[in-house]
Amino acid sequence: MAIDFSQPPEVVDLVERTAAFVRDVVIPQEERYAGVVSAGGEALRARLQAAARDAGLFAPHVSREYGGLGLGMTARAPVFEAAGYSLFGPLALNCSAPDEGNMHMLEIIATDEQKERYLRPLASGEVRSFFAMTEPAPGAGSDPAALSTTAVRVDDGWRIDGHKWFSTGADGAAYAICFARTSGKVGTVGGATMFLVDADNPGLKVVRHIDTLDQAMIGGHCEVIFDNCVVPDSAILGELDQGFAYAQVRLGPARMTHCMRWLGIARRAQDIAIDRVAERRLFGSKLVELGMVQQMIADSEIDIAASRSLVLQACWELDQGLRAAQSTAMTKTFVAEAVWRVVDRAIQICGAAGVSGELLLGRYLNEVRAFRIYDGPSETHRWALARRAVKERLKATGALESAS
Ligand SMILES: Cc1cc2nc3c(=O)[nH]c(=O)nc-3n(C[C@H](O)[C@H](O)[C@H](O)COP(=O)(O)OP(=O)(O)OC[C@H]3O[C@@H](n4cnc5c(N)ncnc54)[C@H](O)[C@@H]3O)c2cc1C
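Remember, it's a predicted structure, so these values are computed and weren't measured experimentally.

Engineer: Please explain the overall build of the protein as it appears in this structure.
Structural biologist: When helices and strands are counted, the protein shows 13 helices and 10 strands. The C-alpha atoms of the protein give a radius of gyration of 22 Å, which matches the 22 Å a tight globule of 404 residues would have. If you line up the protein on its principal axes, its C-alpha atoms span 80 × 60 × 40 Å. In the protein, the share of contacts with a sequence separation of at least 24, taken over all contacts with a separation of at least 6, comes to 73%. Placing the 42 positive and 50 negative side-chain charges of the protein at their respective mean positions leaves the two points 4 Å apart.

Have a look at this one:
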């Protein structure tokens, strides 16, 4: 099957303009804040987003109806990668996690009324949001069936009770998308439902910021309590008990957009390393001429190229309306590990400067590490990939029917 991955001229133009914007406007800010995105806070977010809006680059993933540029998944790939060349780029374009994934899901499953109230201000950058699914043990993490937060019917709607953590961006967000069990028992898939919960609901409390390796997220990674948190029927996002299915609407594409953004940082790390070895002389030759360094550079080129191809294939499937479960899992696992390898090699190539504050490579390493855990840990994806591959094979050989 032939797949044409060439991008239309308007996307190529957008990629070039995004790269120039990141180089001229965003990277100077990254250097000013030593790569710590959260250090700039809301003021920096507003400033960068205003600049991106003026440059016609704002919200590339959002439909034109809600003020964006209306790019599909395949077209997003090079644009998000260009934005991701700086840690601050996705924030400027309003395409960073978790808001970008939330916008994507709201566009697909929210009612028109919910879109006006929640999607429009999010897409315009007026507000931020968070996605509250993960719970402390023994609650939901890699295994969503462990979901313990409950929502029960009450006279005036639903009462949510539960304990969440690692809710990225929760501090200062305008609302949560909260994942709660509405049927079935803990340990069974049962029915989950997503609820839109306003941050000023007295039953929602952001307890604390959790200290993590990464520092990119304005609003932190927070512990959040839902305690007697009553919401109306109109807070239900999509249909009752369909939360697990809807989570896939968000998580498959969100995994790919994370890959795209982190590929930008991988490319940046590789460029920093190449610039350095082109100048540095050791043992009578330029470092770039020494074989072991060439191998590291080559291996990183292979990792970046393979990652881009996997992203495009998975995005193409998503654009065709396919579920793309196998390809998004494969891509997420490979890219999360490849990006780590590329940044790690760049540090090695740069010697002591690589781990110092002189270059931002150490910051990049801290930022990308968690990607092997969120959006599904590598082990969870490998487990699912293997199960599906075995099932396919047994189906093809007829062994599955004879076993059942
Ligand atoms: C920086 C960051 C941001 C996050 N943001 C959000 C957010 O905004 N909203 C949200 O809801 N959550 C968020 N999370 C949480 C994230 O989704 C979870 O950490 C992830 O789903 C894993 O769950 P867990 O931490 O409970 O690990 P556990 O489920 O306890 O898993 C622990 C480990 O078990 C191993 N494992 C998992 N499955 C298998 C398997 N099948 N076979 C063998 N080993 C396996 C893996 O090594 C895994 O790392 C974030 C996490 C981080 C680190």
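Engineer: Please explain the pairing of strand E3 (residues 157-168) as it appears in this structure.
Structural biologist: Regular strands show a simple pattern: their side chains alternate between the two faces of the sheet. Examined bridge by bridge, strand E2 (residues 150-154) and E3 share 5 bridges and lie antiparallel to one another. Looking at the pairing, Ala151 lines up with Ile160 of E3. Linking two consecutive strands that pair antiparallel, namely E2 and E3, is a turn of 2 residues. Two strands pair when backbone bridges link them, and E3 and strand E7 (residues 221-231) are joined in this way by 8 bridges, in the antiparallel orientation. Paired with Thr168 across the bridge in E7 is His221.

Engineer: Whenever I open this one, the layout of surface pockets confuses me. Can you help?
Structural biologist: Where empty space is left becomes clear once a probe the size of a water molecule has been rolled over the atoms. Taken as a whole, the second largest pocket spans an internal volume of roughly 250 Å³. Along its surface, the second largest pocket is lined by 15 residues, and Arg117, Tyr118, Pro232, Ser234 and Ala235 are the ones closest to its centre. Sort the elements by how many residues they give to the lining of the second largest pocket and helix H6 (residues 112-123) lands first, with 4 residues.

Engineer: Help me understand the site of the ligand, please; the structure alone is not making it clear to me.
Structural biologist: Taken together, 17 residues lie near the ligand, and Phe131, Thr134, Ser142, Phe166 and Thr168 sit nearest. In the environment of the ligand, a nitrogen atom lies 2.7 Å from a nitrogen or oxygen atom belonging to the side chain of Thr168. Elements represented by at least two residues in the shell around the ligand include exactly strand E1 (129-132), E3 and helix H12 (378-397). Looking at the shell around the ligand residue by residue, the classes come out as 9 nonpolar, 6 polar and 2 charged.

Engineer: Help me understand the nonpolar core, please; the structure alone is not making it clear to me.
Structural biologist: Generally speaking, soluble globular proteins have nonpolar side chains that are buried together. One finds Leu106, Phe179, Leu237 and Leu361 to be the most contacted residues of the largest nonpolar core, which totals 95 residues. When residues in this core are grouped by element, the largest group, 15 residues, is from helix H7 (residues 243-279). In this structure, Leu361 is in contact with Ala269, Ile272, Val343, Ala346, Ile347, Cys350 and Gly354, ignoring residues within four places of it in sequence. Grouped together as the second largest cluster of nonpolar side chains are 20 residues, Ala151, Ala170, Ala180 and Val231 included.

Engineer: Sorry, what's going on with the pattern of salt bridges here?
Structural biologist: Side chains that differ in charge, positive against negative, can pair when their charged atoms come close. The final tally for this structure, using the stated rule, is 20 salt bridges. Residue Arg128 is joined to Glu42 by a salt bridge in which the shortest nitrogen-to-oxygen separation is 2.8 Å. Of this pair, Arg128 sits in the loop between H6 and E1 while Glu42 is found in helix H2 (residues 37-54), placing the two residues 86 residues apart along the sequence. Of the charged contacts in the structure, one is a salt bridge between Arg120 and Glu116, with a shortest N-O distance of 2.8 Å.

Engineer: What is the right way to look at the environment of Arg276 in this model?
Structural biologist: Among the secondary structure elements, Arg276 is positioned in helix H7. What makes Arg276 partly exposed here is its relative accessible area of 34%. When the C-alpha atoms of Arg276 and Arg345 are compared, they prove to be 13 Å apart, with 69 residues separating the residues in sequence. Each residue touching Arg276, except ones within four places of it in the same chain, is listed here: Cys350 and Ala353.

Engineer: Which parts of the structure should I look at to understand the packing of aromatic side chains?
Structural biologist: To describe a pair of aromatic rings, you give the distance between the ring centres and the angle between the ring planes. By the definition in use, this model includes 7 aromatic pairs. When the ring of Trp165 is compared with that of Phe166, the centres are 5.0 Å apart and the planes differ by 75°; the resulting orientation is edge-to-face. Here the aromatic cluster, defined as three or more aromatic residues joined through ring pairs, consists of Phe131, Phe179 and Phe244. Above the plane of the ring of Phe58 lies Arg53, whose end atom (NZ or CZ) is 4.4 Å from the centre.

Engineer: Help me understand the side chain of Ser86 in this model?
Structural biologist: Mapped onto the fold, Ser86 is located in the loop between helix H3 (73-83) and helix H4 (89-92). By relative accessible area, Ser86 is classed as buried at 1%. A polar side-chain atom of Ser86 sits 3.0 Å from the main-chain amide nitrogen of Phe88. Ignoring any residue separated from it by four or fewer positions in sequence, one finds Ser86 in contact with Val22, Val26, Ile27, Glu30, Ile265 and Arg268.

Engineer: How do you make sense of the pairing of strand E5 (residues 191-198) when you look at a structure like this?
Structural biologist: Most of E5 is tucked away: 7 of the 8 residues are buried. Both strand E4 (residues 175-183) and E5 contribute to a ladder of 8 bridges, which runs antiparallel. In the sheet register, Ser183 faces E5, and the bridge partner there is Gly191. As paired strands, E5 and strand E8 (residues 236-237) are joined by 2 bridges and run antiparallel to one another. Bridging across to E8, Phe195 finds its partner in Ile236.

So, how was this worked out
Residues numbered from 1 in each chain as written. Predicted model: local features only at pLDDT ≥ 70, side-chain atom pairs only at ≥ 80, totals over all residues. Heavy atoms only, no water. Helix = DSSP H or I, 4+ residues; strand = E, 2+ residues; numbered from the N terminus. Rg over C-alpha atoms; globule rule 2.2 N^0.38 Å. Contact = heavy atoms within 4.5 Å. Lys, Arg positive; Asp, Glu negative; His and termini not counted. Charge placed at Lys NZ, Arg CZ, Asp CG, Glu CD. Pairing = 2+ DSSP bridges. 1 Å grid on protein atoms, 1.4 Å probe; cavity = no way out; pocket = protein on both sides within 12 Å on 5 of 7 lines; lining within 4 Å. Points joined across faces, edges and corners; volume = space filled by probe spheres on them. Near = heavy atom within 4 Å. Polar contact = N/O pair within 3.5 Å; in protein donor to acceptor, adjacent residues only side chain to side chain. Nonpolar A, V, L, I, M, F, W, Y, C, P; charged D, E, K, R; others polar. Core = buried A, V, L, I, M, F, W, Y, C linked by side-chain atoms within 4.5 Å. Buried < 20%, exposed > 50% of the residue type's maximum accessible area, 1.4 Å probe, protein only. Salt bridge = Lys/Arg side-chain N within 4 Å of Asp/Glu carboxyl O. Phe/Tyr/Trp six-rings, centres within 6.5 Å; stacked < 30°, edge-to-face > 60°. Lys NZ or Arg CZ within 6 Å of the ring centre and 35° of its normal.

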